[in-house]
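Per-entry structural report
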Protein chains: 2
Amino acid sequence: MEAEKIQGPTNPMVTPLLTDLYQFTMAYAYWKGNKHSEPSVFDLFFRTNPFGGEYTIFAGLEECIRFIANFRIGEEDIAFLRQSLPPTCEDAFFEYLRGIDCSNVQVYAVAEGSVVFPKVPLMRIEGPVAVVQLLETPFLNLVNFASLVATNAARHRVVAGESKLLLEFGLRRAQGPDGGISASKYCYMGGFDATSNVAAAKLFGIPLRGTHSHAFVSSFMSTDEIVHKPFCSSDGLTTCEDFVGLVQIWLKKLQCTESLRASFGETNQSELKAFTSYALAFPSNFLALVDTYDVVRSGIPNFCAVALALNDFGYKAGGIRLDSGDLAYLSRESRRFFCAVEKEFGVPGFGKLCITASNDLNEKTIDALNQQGHEVDSYGIGTNLVTCYAQPALGCVFKLVEINKQPRIKLSENVSKVSIPCKKRCFRLFGKEGYPSVDLMTGVNEPPPKVSERILCRDPFNECKRAYMEPQRVEELLKCYWSGDSGTPREELPPIKKIRDRCIQQLNQLRPDHLRRVEPTPYKVSVSAKLYDLIHFLWLNEAPIGELQ
Amino acid sequence: MEAEKIQGPTNPMVTPLLTDLYQFTMAYAYWKGNKHSEPSVFDLFFRTNPFGGEYTIFAGLEECIRFIANFRIGEEDIAFLRQSLPPTCEDAFFEYLRGIDCSNVQVYAVAEGSVVFPKVPLMRIEGPVAVVQLLETPFLNLVNFASLVATNAARHRVVAGESKLLLEFGLRRAQGPDGGISASKYCYMGGFDATSNVAAAKLFGIPLRGTHSHAFVSSFMSTDEIVHKPFCSSDGLTTCEDFVGLVQIWLKKLQCTESLRASFGETNQSELKAFTSYALAFPSNFLALVDTYDVVRSGIPNFCAVALALNDFGYKAGGIRLDSGDLAYLSRESRRFFCAVEKEFGVPGFGKLCITASNDLNEKTIDALNQQGHEVDSYGIGTNLVTCYAQPALGCVFKLVEINKQPRIKLSENVSKVSIPCKKRCFRLFGKEGYPSVDLMTGVNEPPPKVSERILCRDPFNECKRAYMEPQRVEELLKCYWSGDSGTPREELPPIKKIRDRCIQQLNQLRPDHLRRVEPTPYKVSVSAKLYDLIHFLWLNEAPIGELQ
């Protein structure tokens, strides 16, 4: 039994009740009209790429599959539904609900972590209409935010560049507990390197990062005694009896060094105490937040004094974090200081210490930093990343495209909101240069596009936009991820690391002008000639003829 | 034992690991420096009201208290922390973590559902510094989104007016599963009437609402047979043998009625089938989504035909939902049609049928509807409400204000980011007209403000802004909600309905110019003369003196 092999959703609050009431009232109306078992096909897709971009990362698939693999309405939930629906609802309906599972549902989907485009189904869900409708809200909930935040992460990766370390620091400002946990998961999927969120790291095996906060620095007073037991050098051969004194000696040396002295005088002694104390706790992982008092006049020299004292005993410091001010300028000043220290005191590698920047960063500020010139190696990004501040919602929808083998179309006065009818297959066609060139939707019974065979690709809603294409490679996009009891073999759910690799690889494969931040080129999405004709036949058929007054 | 009386957090994913790694690295550094038990005081507050407004609703308190009441780091989590921290961390530290609970923590807070203002602590958390730091991230996570979305809901209530029904429909676009569930909870708290989210309704006892979707309407074909068993009149005395035929008769009557005929001709028969089928399932609760094909030419007459057929058997229809188009115009047209039906066919109350509007509504669109004139009785609001689209994050922070009885200040080059030091009491002072006039912070050992006694209120950061106040009423804002083992009596955690009542009552109590959407008047927040002096003494003491070059 397939269902037993797949774990439940990560968040135990994801149950069949995590849906809109109207899915249950509709289920009742379908059932009452004996229509509940009619075979139906729904597409899950979005209409516009987020963040003013021209690509989106598809995420959330695994959670959807975990959800349906374990879909069962428990007794307590049945009781709640019974009291929530009108008392006229018949008992036999609740018997029916009690028996529902997803054994006669099938889900075809694009692989998680793929680059995807508007209008093309990310998922095609087939099954009895009443059951599939119950899946609409949870699927949308699980896919919308996941894809949005994965896309946001990917966009930050594109602007920061491959060589930078990207850290997700958003938990405190996220939209609730799993707004935070999901964000950590999907930011990693979208190309981030690590998170500060311990729970997410444990759940998904994401690397963890963190230093200390301003409160840690402020908690020390200049008059504090530092509790200090002798500590061992990194090779275990020597013991330092007076680390605090050694730090003071190094600070004096820095103050007396001609090439450094211009930038500072007396540093803040509370801060120095805090750094010293942190270094004693983490001699091999000494990282310091240097902006509590003043980066240039206090934080950097204090950090260097402690790092140099550690260096005397064989420990390499990790680096600093800048959390305020002009990050371009401060990172350059910090780098200049580190390089001067390397040169003056002959400490190899000191000039290359890692500089992390944080403080309300987003795509735009990173872009601005790049333009100003900076020495940041690593970005800690929180609020703007995890809440998707620039656009906090993705508009995936879930539309009926076929029922009882009959194609259905959803009309709208707004052409961009008309849905593409019938059960479809979707293909990505690659051009001569190896780039993906166009995504093509066809009816499920049409012959699929073939390598080196000319095929007409039409814009679904603009009769003038059409082009022939001779694909060099054809990739079918929708694969079976849930086959219920049908016996169709299904794709594996890959580990998160593999999904992340796919995402990075797919972004690298894309033509760069689709990726750029300013005025990116739209990627082409098309339908076959046959599907085009069907759309426009149904449209004319369903639309009422107006009456001008 | 107090902890045993309080349930755990609603979301089981809220555990002590739902925090930033640096809280644990700092805990280790405190512990290693024997500083972990130093008594500390932290304030949780925000600096700017969201949505360009001048008020905020405080929410999330109960979840914070549930969290600390059950704070224990389990063995599996200890094991994970051990593998996540550097291997040099001593075993005894993990023993210490194993023993941590919140029995020596105290939490003072403003009552949940209160109107609150920038800079004034929403919560004051006291306890051993290492333990309180571990609470920082989860508290911020639990308060930030809760307060943000409650405020958003309250703002929608203010613009919609007291008489309108406000329905939260956001689950599908929310930021993850409990971005949806928390939104449902806190929107209700902020003044919404109901949700479509079944799981949230079950968890929190929130009223549920819902109709059907476009997919339901599209799933019917004009050729479908409606399965129909005879159905009883509402009084049980008569039986309808041919409801489908009766609907057709009513549709004909409507078509032949002079005062109505101008607006429509042939209606969409698939839609009529869908409505009929829904009415047969829910004769006492017939609500219809009328915009699948064309509101005026099809949806409204079809709805009325079904509603009139139901009326013949003693059932009153509920109303309609409009989900696209010009909602002001369509609601007026619908109302006109309903009133004409009431008059033509003598159906009392038909003119007053409930009109619900949905489709990407927000504060601004509701305001625009009000200005255009409309007949909407009820709003279904989703994306903009639950993701707080206009501003998706609130910036609550958690700042150390005292350690070892010594006041601490956090400096910043940005004056608005300087924190207000020392353990404080906070009061709301009411003026002669009964409105809250100013919030006042004092040191905890100062004499509190008294009714009818003149007191100087100072802006914390602007020496010119100060005013005398003779309060007519004084309300202490911070009350004890968690006293650990100290024996201090603590406030009850009220049921959600009471919190909602408090919120509505507090909004009504506020001077209207603080509430208005455009250019609202800022509410005054001040400190006592003594606290003002302390802030500026510490500031001078801690800030480094610059060196102009």
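Predicted, not measured: the structure shown is a model, and the values here were computed from it. Sequence positions are assigned chain by chain, starting from 1 and proceeding in written order. Ligands are numbered from 1 and chains lettered from A, in the order in which they are written. With pLDDT at 70 or above as the cut-off, local features in this predicted model cover only qualifying residues; side-chain atom pairs require 80 or more to be listed or tallied, and sums for whole chains, interfaces and linings still use all residues. Side-chain numbers come from the whole structure's heavy atoms, not from hydrogens or water.

**Digging into the overall build of chain A**
Regarding its fold elements, chain A presents 18 helices and 22 strands. Principal-axis analysis of the C-alpha atoms gives chain A an extent of 85 × 55 × 55 Å. A simple rule labels every residue: compare its accessible area, found with a 1.4 Å probe on the protein chains alone, to the largest value its type can have, and call it buried under 20%, exposed over 50%, or partly exposed in between. Buried residues in chain A amount to 64% of all 549 residues. Residue pairs in contact within chain A that sit at least 24 positions apart in sequence constitute 73% of those at least 6 positions apart. Just so you have it, chain A exposes about 20500 Å², and 50% of that area is on carbon and sulfur atoms. Both charge centroids of chain A, one from 59 positive and one from 63 negative side chains, sit 4 Å from each other. A run of H or I in DSSP counts as a helix once it spans at least four residues, and a run of E counts as a strand once it spans at least two, with each numbered from the N terminus. Any two residues whose heavy atoms approach within 4.5 Å at even a single point are treated as in contact. Note that accessible areas follow from Shrake-Rupley with a 1.4 Å probe, and for residues the cover is restricted to the protein chains shown. When charges are tallied, Lys and Arg are placed among the positive residues and Asp and Glu among the negative ones, while His and the ends of the chain are skipped. Each charge is placed at NZ for Lys, CZ for Arg, CG for Asp and CD for Glu.

**Observations regarding the relation of the copies chain B and chain A**
The least-squares superposition of copies is restricted to C-alpha atoms, and to residues with a pLDDT of at least 70 in both copies. Superposition record for chain B on chain A: RMSD 0.0 Å, screw rotation 180 degrees, translation along axis 0.0 Å. Such a combination of turn and shift is consistent with a two-fold rotation axis. A shared interface surface links the copies, since 99% of the contact residues of chain B are contact residues in chain A too.

**Some points on the packing of aromatic side chains**
Residues and elements named next belong to chain B. A pair of Phe, Tyr and Trp rings is counted when the ring centres sit within 6.5 Å of each other, with Trp represented by its six-membered ring. The angle between the planes then sorts it: under 30 degrees is stacked, over 60 is edge-to-face, the rest tilted. In this structure the tally under the stated criterion is 44 aromatic pairs over all chains. Judged by centre distance (6.2 Å) and plane angle (40 degrees), the ring pair of Phe93 and Tyr96 falls under tilted. You can see Phe93 and its partner Tyr96 sitting in helix α4 (residues 91–99), three residues apart, about one turn around the helix. Residue classification places Tyr96 among the buried positions, given a relative accessible area of 18%. Their ring planes at 90 degrees and their centres at 5.1 Å tell us that Trp250 and Phe345 sit as a pair that is edge-to-face. Residue Trp250 is found in helix α9 (residues 243–256), and its partner Phe345 is found in helix α13 (residues 327–345); the two are separated by 95 residues along the sequence.

**Observations regarding helix α14 (residues 363–372) of chain A**
Residues and elements named next belong to chain A. Of all the positions in α14, only Glu363, Ile366, Asp367 and Leu369 are classed as buried. For α14, the angular spread of buried residues about the axis comes to 155 degrees, placing them on one side. Among the exposed residues of α14, those oriented more than 90 degrees off its buried face are Lys364 and Gln371. Summarising the contacts, the buried residues of α14 are in contact with α5 (129–160), α13 (327–345) and β13 (378–381). One or two residues past the end of α14 sits Gly373, with phi positive at roughly 90 degrees. Each C-beta atom gives one direction from the helix axis, and the arc is the one those directions make.

**With respect to the packing of helix α12 (residues 295–312) of chain A against α13(A)**
Residues and elements named next belong to chain A. Interhelical geometry of α12 versus α13 gives an angle of 35 degrees and a closest axis separation of 11 Å. Crossing angle aside, the handedness with which α12 passes α13 is right-handed. When α12 is examined against α13, the residues Val295, Val296, Ile300, Pro301, Phe303, Cys304 and Leu308 are found in contact with a partner set consisting of Leu330, Glu333, Ser334, Phe337, Phe338, Val341 and Phe345. In terms of residue class, the contact of α12 with α13 is made up of twelve nonpolar, one polar and one charged. The convention used is that axes are lines fitted to C-alpha atoms, helices contributing only their stretch in contact, and that angles between N-to-C directions extend from 0 to 180 degrees. Note on convention: the crossing is left-handed when the near helix lies turned anticlockwise from the far helix by less than a right angle, right-handed when the turn is clockwise. Classification used: nonpolar for Ala, Val, Leu, Ile, Met, Phe, Trp, Tyr, Cys and Pro, charged for Asp, Glu, Lys and Arg, polar for all others including Gly.

**Some remarks on the sheet that holds strand β5 (residues 123–128) of chain A**
Residue and element names in this part refer to chain A. Pairing between strands is defined by DSSP: at least two bridges between them are needed. Taken in spatial order, the six strands line up as β15-β14-β1-β5-β3-β21 in an open sheet, and their pairing is antiparallel. Edge positions in the open sheet fall to β15 (406–407) and β21 (479–482), since each of these has one partner strand only. Sheet topology note: the strand β3 (residues 106–109)/β5 ladder contains four bridges and is antiparallel. Paired with Val107 across the two strands is Ile125, which belongs to β5.

**Overview of the pattern of salt bridges**
Salt bridges are counted wherever a side-chain nitrogen of Lys or Arg sits within 4 Å of a carboxyl oxygen of Asp or Glu. Under the criterion given, the structure shown has 60 salt bridges over all chains. The partner of Glu333(B) in a salt bridge is Arg336(B), with the nearest N and O atoms 3.2 Å apart. Of the two residues, Glu333(B) and Arg336(B) both sit in helix α13, three residues apart, roughly one turn of that helix. On the basis of relative accessibility, which here comes to 19%, the residue Glu333(B) falls in the buried class. Put simply, Asp20(A), Glu136(A) and Arg172(B) are held in one network by salt bridges that share partners.

**Details of the UniProt feature "domain: Nicotinate phosphoribosyltransferase C-terminal" (unreviewed entry) in chain A**
Those residues carrying the UniProt feature "domain: Nicotinate phosphoribosyltransferase C-terminal" (unreviewed entry) are residues 423–534 of chain A in this numbering. Its end C-alpha atoms 12 Å apart, residues 423–534 of chain A is made of 21% helix and 31% strand. UniProt positions are given in the numbering used here, feature names are shortened, and annotations may be inferred rather than shown by experiment.

**Focus on the side chain of Ser358(A)**
Turning to its location among the elements, Ser358(A) is positioned in the loop between β12 (354–357) and α14. Of the polar contacts made by the side chain of Ser358(A), one reaches the side chain of Asp323(A); its length is 2.8 Å. Pairing of N or O atoms within 3.5 Å defines a polar contact, subject to two protein rules: one partner must be a possible hydrogen donor and the other a possible acceptor, and residues neighboring in sequence count only if both atoms are side-chain atoms.

**With respect to the packing of helix α9 (residues 243–256) of chain A against helix α11 (residues 269–281) of chain A**
For any two helices packed against each other, one specifies the inter-axial angle together with the distance between the axes. Residue and element names in this part refer to chain A. In contact at an axis separation of 11 Å, α9 and α11 are set at 125 degrees when each is read in the N-to-C sense. With respect to α11, the element α9 is oriented oblique. Where α9 crosses over α11, the two elements pack in a sense that is right-handed. Of α11, the residues touching α9 (which contributes Phe243, Val244, Val247, Gln248 and Leu251) are Gln269, Leu272, Thr276, Ala279 and Leu280. Working rule for angles: under 35 degrees goes down as roughly parallel, over 145 as roughly antiparallel, 65 to 115 as roughly perpendicular, anything else as oblique.

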